[in-house]
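Below are the chains, spelled out letter by letter.
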Amino acid sequence: MIPILWQCDSAVAVDKPAGLSTTSPPGTDSLESRLRDQLAAERGFLAAVHRLDRDVSGVVLVALTKKTARLFSEQFAIRKVRKTYHAWVQGRVDIDASADSPSSQRMTQRWTDYLRKIPDVAKGEVCRAEDAGAKLAETDVSVLEYDGNADCSLIELSPLTGRMHQLRLQTAARGHAILSDPIYGSTNCTPPKRDDWPFDTIALVAMKLQFHHPRTGVLTNVALERLTSG
């Protein structure tokens, strides 16, 4: 069963498990196909309005009507949805106090890069702004804790843009690859053995979504109870 974190008459927010695709062709396993069975909505409309990589777990917003899917898509397009991730990364992450950072109780730094997809490969790269295919990528970053024994940091990432592998690329480009990332990091590096991080896949979790309710417009927060820190 897929855990339901929040629901209304036209949408649900769920906790996607690691190792499961958000969407897939008809007849194959995915978050959408499991939810159709679970919610008995095989004949009705059901669509995830954003995606997480297969190995990434966490909060996913799913529309149950075409109108709601359109409303949510518009919110994502104009950056009205705030996404928050937690990740264990290699080394100690230092936040520059002089950086242009939004006001917050926790010191925050904005990472700005240009990214592009590598042709014919499910992989991206950091590039120059003038390079062909370059797209601006911005993420607000703060440090939650540092584990000296494992030499890794737990950080919070709030992407303002939604580029392919954005968080994985931006962390790796700064020498802080996400642990257990098979593409941009080292598969030999694993998160500390802790009860609050029970994963053997990439150490990246979509912790929270903030969006406007599709019916009322009220600002709504959906967050995981697990993995809270800082």
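Remember, predicted model here, so these are calculated numbers, not experimental data.

### With respect to the side chain of histidine 86
Consideration 1: When you line up the elements, histidine 86 lands in strand S5 (residues 82-90).
Consideration 2: On the accessibility criterion, histidine 86 (3% relative accessible area) is buried.
Consideration 3: A distance of 3.0 Å separates a polar atom in the side chain of histidine 86 from a polar atom in the side chain of glutamate 156.

### Considerations on the pairing of strand S11 (residues 219-223)
Consideration 1: The side-chain alternation of S11 yields one buried face, formed by Thr220 and Val222, and one unburied face, formed by Leu219, Asn221 and Ala223.
Consideration 2: Across five bridges, the pairing between strand S10 (residues 204-212) and S11 is antiparallel. Bridge pairing links glutamine 210 to asparagine 221 in S11.
Consideration 3: What sits between S10 and S11 in their antiparallel hairpin is a turn of six residues, with glycine 217 showing a positive phi close to 80°.

### Digging into the packing of aromatic side chains
Consideration 1: Taken as a whole, this structure holds two aromatic pairs when the rule is applied.
Consideration 2: Ring geometry for phenylalanine 72 against phenylalanine 211: centres 5.6 Å apart, planes inclined by 85°, an arrangement best described as edge-to-face. Of this pair, phenylalanine 72 sits in helix H2 (residues 66-77) while phenylalanine 211 sits in strand S10, placing them 139 residues apart in sequence. For the pair formed by phenylalanine 72 and phenylalanine 211, the shared burial category is buried.
Consideration 3: An aromatic cluster of three or more residues is present, and its members are Trp6, Phe72 and Phe211.

### Some points on the environment of leucine 39
Consideration 1: Within the element layout of this structure, leucine 39 appears in the loop between helix H1 (31-38) and strand S3 (47-48).
Consideration 2: Apart from residues no more than four positions distant in its own chain, leucine 39 is found in contact with Leu46 and Leu64.

### Observations concerning unusual backbone geometry
Consideration 1: For arginine 79, which is not a glycine, the phi torsion comes out positive at approximately 65°.
Consideration 2: Its place among the elements puts arginine 79 in the loop between H2 and S5.
Consideration 3: We note that histidine 165 has phi near 55°; this positive angle belongs to a residue other than glycine.
Consideration 4: Position of histidine 165 among the secondary structure elements: in the loop between strand S9 (152-159) and helix H3 (166-173).
Consideration 5: Among the residues examined, histidine 165 registers a relative accessible area of 13% and is labelled buried.

### Let's talk about the pairing of strand S8 (residues 135-147)
Consideration 1: Alignment of strand S6 (residues 109-117) against S8, held across seven bridges, turns out to be antiparallel. Among the inter-strand pairings, aspartate 113 is bridged to a residue of S8, identified as alanine 137.
Consideration 2: Between S8 and S9, which pair antiparallel in sequence order, lie four residues; one of them, aspartate 151, sits at a positive phi of approximately 50°.

### Thoughts on the nonpolar core
Consideration 1: If you look at the biggest cluster of nonpolar residues, it comprises 32 residues, and the most contacted ones within it are Val14, Val62, Leu157 and Leu204.
Consideration 2: Put simply, the parts of the chain that give this core at least two residues each are strand S2 (11-16), H1, strand S4 (57-63), S5, S8, S9 and S10.
Consideration 3: The next biggest cluster of nonpolar side chains, apart from the first, holds 18 residues, and it includes Ala13, Phe76, Leu209 and Val222.

### Details of the pattern of salt bridges
Consideration 1: Here the structure, examined in full by the defined rule, presents twelve salt bridges.
Consideration 2: Here aspartate 53 ties to arginine 168 by a salt bridge, and the two come within 2.9 Å at their closest N and O atoms. One end of the pair, aspartate 53, is in the loop between S3 and S4; the other, arginine 168, is in helix H3, and 115 residues separate them in sequence.
Consideration 3: Residue aspartate 53 is classed as partly exposed on the basis of its relative accessible area, which comes to 29%.

### Details of H2
Consideration 1: Relative to the 16 Å expected for twelve residues at 1.5 Å per residue, H2 spans 16 Å between its end C-alpha atoms, a close match to the ideal helical length.
Consideration 2: If you check which residues of H2 are buried, you get Thr68, Ala69, Phe72, Gln75 and Phe76. Buried residues of H2, viewed axially, fall in a sector of 125°; they line one side. Residues Lys66 and Ala77 are exposed on H2 and point more than 90 degrees away from its buried face.
Consideration 3: Residues of H2 that are buried in the fold lie against S2, S4, S5 and S10.
Consideration 4: Directly after H2, the chain includes arginine 79, whose backbone phi takes a positive value near 65°.

The rules behind the values
- Residues numbered from 1 in each chain as written.
- Predicted model: local features only at pLDDT ≥ 70, side-chain atom pairs only at ≥ 80, totals over all residues.
- Heavy atoms only, no water.
- Helix = DSSP H or I, 4+ residues; strand = E, 2+ residues; numbered from the N terminus.
- Buried < 20%, exposed > 50% of the residue type's maximum accessible area, 1.4 Å probe, protein only.
- Polar contact = N/O pair within 3.5 Å; in protein donor to acceptor, adjacent residues only side chain to side chain.
- Pairing = 2+ DSSP bridges.
- Phe/Tyr/Trp six-rings, centres within 6.5 Å; stacked < 30°, edge-to-face > 60°.
- Contact = heavy atoms within 4.5 Å.
- Core = buried A, V, L, I, M, F, W, Y, C linked by side-chain atoms within 4.5 Å.
- Salt bridge = Lys/Arg side-chain N within 4 Å of Asp/Glu carboxyl O.
- Expected span 1.5 Å × (residues − 1).
- Arc of directions from axis to C-beta.

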